[in-house]
Amino acid sequence: MEEKIVKSVVPYYTIGVVWLLYSLIFPMYTIINLILATIISAIVFYLFYKIMPNKIIMVEKQIQKTGEERADKYIVSGTEILKNLRALTLDLEKTTIGNDLTKIYDITEKIIDFISKYPKKARNLDNFIEYYLPTTVTLVANYKYLIEQNQSSENIKNSKNNIEQTLPNMVKVFEKQLDSLFYDKAMDITAEISVLNDLIKSEGL
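Residues numbered from 1 in each chain as written. Predicted model: local features only at pLDDT ≥ 70, side-chain atom pairs only at ≥ 80, totals over all residues. Heavy atoms only, no water.

Undergrad: Whenever I open this one, the overall build of the protein confuses me. Can you help?
TA: Looking only at helices and strands, the protein features 6 helices and 2 strands. When the elements of the protein are put in sequence order from the N terminus, they spell out β-α-α-β-α-α-α-α. Expected size for 205 residues packed as a compact globule is a radius of gyration near 17 Å; at 28 Å, the protein overshoots this value by more than 25%. When the backbone C-alpha atoms are referred to their principal axes, the protein occupies close to 75 × 75 × 25 Å. The buried share of the protein, taken over its 205 residues, is 27%. When contacts within the protein are restricted to residue pairs at least 6 apart in sequence, long-range pairs at least 24 apart make up 72% of them. By element, 58% of the accessible surface of the protein is carried by carbon and sulfur atoms, the whole surface being about 13,800 Å². (Helix = DSSP H or I, 4+ residues; strand = E, 2+ residues; numbered from the N terminus. Rg over C-alpha atoms; globule rule 2.2 N^0.38 Å. Buried < 20%, exposed > 50% of the residue type's maximum accessible area, 1.4 Å probe, protein only. Contact = heavy atoms within 4.5 Å. Areas by Shrake-Rupley, 256 points an atom, 1.4 Å probe, with all protein chains shown as cover.)

Here it is as structure tokens:
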């Protein structure tokens, strides 16, 4: 998901209102009144444009193809899972697992964004995309289901406790996965700098 700023349409409506009101009071067939109406509507438009707040809405990011088959596959599947994860995060944000779930969602979004920028790194995400991520979402979905039962049986309590104890460990797994991606990228940068420095030295620069 990403933020999109939507401009208010109210300032544009004020132009029509000004012209309508002005025409009810003054004759619009004279040049001077046409000019005055234009000036007044421009002033009112500017004032409303400044005072009316913009609306910020969340929209789905458009999936950009990278050309790397594995990366594109993981971006598509990861984005789809991310939608479910976002819905669960909103539903469960006030529960015991709310904070952990928010962290997992944020980290997952960063991982998907990372491989969209560096698709060759997708080869390091096999276990994450195919097991850890979907399994975590399944656990969270089960947790929501258990809460919705409104029952306090021993089995439900134990199942909820198990998930609550597991989620912090999953946060660590997700954090390590993201960190490993940046570690690989850091190694690539170091190697590029090393090659660049060797070239500079060989050319006596």
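Undergrad: Looking at this structure, how should I read the pattern of salt bridges?
TA: Pairing is possible between side chains that carry opposite charge, provided their charged atoms lie close to one another. Within this structure, the stated rule accounts for 6 salt bridges. Glu 68 is the salt-bridge partner of Lys 120, the closest N and O atoms lying 3.0 Å from each other. You can see Lys 120 sitting in the loop between helix H4 (98-117) and helix H5 (126-148) and its partner Glu 68 sitting in the loop between strand S2 (55-59) and helix H3 (69-92), a full 52 residues away along the chain. Here the residues in one salt-bridge network are Asp 91, Lys 144 and Glu 148, joined through shared partners. (Salt bridge = Lys/Arg side-chain N within 4 Å of Asp/Glu carboxyl O.)

Undergrad: Even after reading the chapter, I still don't get the environment of Thr 190, so can you show me in this structure?
TA: Mapped onto the fold, Thr 190 is located in helix H6 (residues 154-202). Residues Thr 190 and Leu 88 lie 102 residues apart in sequence; the distance between their C-alpha atoms is 39 Å.

Undergrad: Sorry if this is basic, but what is going on with H5 here?
TA: Residues spaced three or four apart along an α-helix face the same direction, because each turn holds 3.6 residues. With 23 residues, H5 should cover 33 Å at 1.5 Å per step; its first-to-last C-alpha distance of 33 Å lies within 8% of that length. Along H5, the positions that sit buried rather than exposed are Phe 128, Ile 129, Leu 133, Thr 136, Val 137, Val 140, Tyr 143 and Leu 146. Contacts from the buried residues of H5 go to H3, H4 and H6. Of the residues flanking the end of H5, it is Asn 150, one or two places downstream, whose phi is positive at about 55°. (Expected span 1.5 Å × (residues − 1).)

Purely spatial values, then, with no claim about function.
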